[in-house]
Amino acid sequence: MTRPSIVVMAGSSRRDSFARRLAHACLEPLSQIGADVQLIELGDYPMPLYNGDLERDSGLPDAAVALQQRLYSSDGVLVVNPEYNGSITPLLKNTLDWCSRPNPKDEPRSGGAVFAGRAAAVLATSPGPMGGMRVLFHVRDILGYLGMHVIPQQLGVGNAGSAFADDGRLANERQQGMLDAALGALVHAAGRLAPESR
Ligand SMILES: Cc1cc2nc3c(=O)[nH]c(=O)nc-3n(C[C@H](O)[C@H](O)[C@H](O)COP(=O)(O)O)c2cc1C
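Residues numbered from 1 in each chain as written. Predicted model: local features only at pLDDT ≥ 70, side-chain atom pairs only at ≥ 80, totals over all residues. Heavy atoms only, no water.

Student: Explanation requested: the site of the ligand in the structure shown.
Tutor: In the vicinity of the ligand lie 13 residues, with Arg14, Ser17, Glu83, Asn85 and Ser126 positioned nearest. Within the side chain of serine 17, an N or O atom sits 2.6 Å from an oxygen atom of the ligand. With respect to the ligand, the side chain of serine 126 contributes an N or O atom lying 2.6 Å from an oxygen atom. Protein chains shield 69% of the accessible area of the ligand, which is 620 Å² for the free molecule. (Near = heavy atom within 4 Å. Polar contact = N/O pair within 3.5 Å; in protein donor to acceptor, adjacent residues only side chain to side chain. Areas by Shrake-Rupley, 256 points an atom, 1.4 Å probe, with all protein chains shown as cover.)

Have a look at this one:
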């Protein structure tokens, strides 16, 4: 079986973002488990706030088209979330909204086709003790609405300021074990959902 392709993205573009840190901590384990991993920095895909007039007059932003193509060629997505007021960040929601729109110039690789039938996993992290647990249910719902198969395994890493060891892994070995299990389940699901079954 070919290595399933997993796109990893964090819902923050902040330089010292904990979500970006957790996303980075997932790259090596995903690769070791057998995935072909691509990290996507949403800061490299700037998009205006979605507005239907803008879409009608100018079409999709170039960044949305580029991201759609990367998502389309993936078998699964790992979304690492900060929690804003119990829910997802505007950066992530805006990105998902633009990417969910059809592109008449690239119809087969746009809109719902970039999400549907693929595997997804959701993680969260926060400086607070709850680890962003509340955002997990919101983002899981949205990805499911987009037609993704969101695996049940999830993790909220609390007290993010002290959660990472110097080598970038989680300092708590039990928590690292839970992360590895979730990543393993994602790679397994992505492999099972490879293109022939979409
Ligand atoms: C608008 C806003 C709302 C927030 N709401 C929450 C929240 O509901 N729960 C929480 O744990 N932290 C909340 N925080 C704190 C964030 O968890 C913290 O700023 C975190 O570092 C942001 O993620 P990042 O480090 O990946 O950029 C909020 C921060 C902002 C700016």
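Following the structure, the description resumes.
Student: What exactly am I supposed to notice about the sheet that holds strand β3 (residues 76-81) here?
Tutor: In any sheet, the strands associate via hydrogen bonds between backbone groups, in a parallel or an antiparallel arrangement. If you walk across this open sheet you meet the 5 strands as β2-β1-β3-β4-β5, and the pairing is parallel. Where the open sheet ends on each side, the last strands, each with one partner, are β2 (36-40) and β5 (149-157). Averaged over all pairs of adjacent strands, the angle between strand axes in this sheet comes to 15°, irrespective of strand direction. As paired elements, β3 and strand β4 (residues 119-125) share 6 bridges and run parallel to each other. Residue valine 80 lies in a different strand from β4, and its bridge partner there is leucine 123. Along the sheet face, helix α3 (residues 62-72) touches β1 (5-10), β2 and β3 and points at about 160° away from the line of β2. (Pairing = 2+ DSSP bridges. Helix = DSSP H or I, 4+ residues; strand = E, 2+ residues; numbered from the N terminus. Axes fitted to C-alpha atoms, helices over the stretch in contact; angles between N-to-C directions. Contact = heavy atoms within 4.5 Å.)

Student: Looking at this structure, how should I read the pattern of salt bridges?
Tutor: A pair can form between side chains of opposite charge whenever their charged atoms are brought close. With the rule as written, the count across this model stands at 9 salt bridges. Among the salt bridges present, the one from arginine 15 reaches aspartate 16, with a minimum N-O distance of 3.7 Å. Assessed through its relative accessible area of 48%, aspartate 16 is described here as partly exposed. Of the charged contacts, one joins arginine 109 and aspartate 106 as a salt bridge, the two residues approaching to 3.0 Å between their closest N and O atoms. What makes arginine 109 partly exposed here is its relative accessible area of 35%. Three or more residues are tied together by salt bridges with common partners; here these are Asp53, Arg56 and Asp57. (Salt bridge = Lys/Arg side-chain N within 4 Å of Asp/Glu carboxyl O. Buried < 20%, exposed > 50% of the residue type's maximum accessible area, 1.4 Å probe, protein only.)

Student: Please clarify how the packing of α3 against helix α4 (residues 90-99) should be interpreted in this entry.
Tutor: Two packed helices can be described by the angle between their axes and the distance between those axes. The interhelical angle for the contact between α3 and α4, taken along N-to-C directions, is 80°, at an axis separation of 9 Å. Compared by their axis directions, α3 and α4 come out roughly perpendicular. Residues Ala64, Leu67, Gln68 and Leu71 of α3 pack against Thr95, Trp98 and Cys99 of α4. Among the residues making up the contact of α3 with α4, the classes are represented as 5 nonpolar, 2 polar and no charged. (Parallel < 35°, antiparallel > 145°, perpendicular 65-115°, else oblique. Nonpolar A, V, L, I, M, F, W, Y, C, P; charged D, E, K, R; others polar.)

Student: So what exactly am I meant to see when it comes to the packing of aromatic side chains here?
Tutor: To describe a pair of aromatic rings, you give the distance between the ring centres and the angle between the ring planes. Taken as a whole and assessed by the stated rule, the structure comprises 1 aromatic pair. Centroid distance tyrosine 50 to tryptophan 98: 4.7 Å. Interplanar angle 65°. Geometry classified as edge-to-face. Taken as a pair, tyrosine 50 in the loop between β2 and α2 (52-58) and tryptophan 98 in helix α4 lie far apart in primary sequence, 48 residues in all. Classification of tyrosine 50 as partly exposed rests on a relative accessible area of 30%. Owing to a relative accessible area of 0%, tryptophan 98 belongs among the buried residues under this scheme. A cation sits over an aromatic face here: arginine 118 above tyrosine 72, 5.3 Å from the ring centre. (Phe/Tyr/Trp six-rings, centres within 6.5 Å; stacked < 30°, edge-to-face > 60°. Lys NZ or Arg CZ within 6 Å of the ring centre and 35° of its normal.)

Student: So what exactly am I meant to see when it comes to the environment of arginine 14 here?
Tutor: Inspection of the secondary structure assignment puts arginine 14 in the loop between β1 and α1 (18-33). What makes arginine 14 partly exposed here is its relative accessible area of 45%. Between the C-alpha atom of arginine 14 and that of isoleucine 33, which follows or precedes it by 19 residues, the distance is 28 Å.

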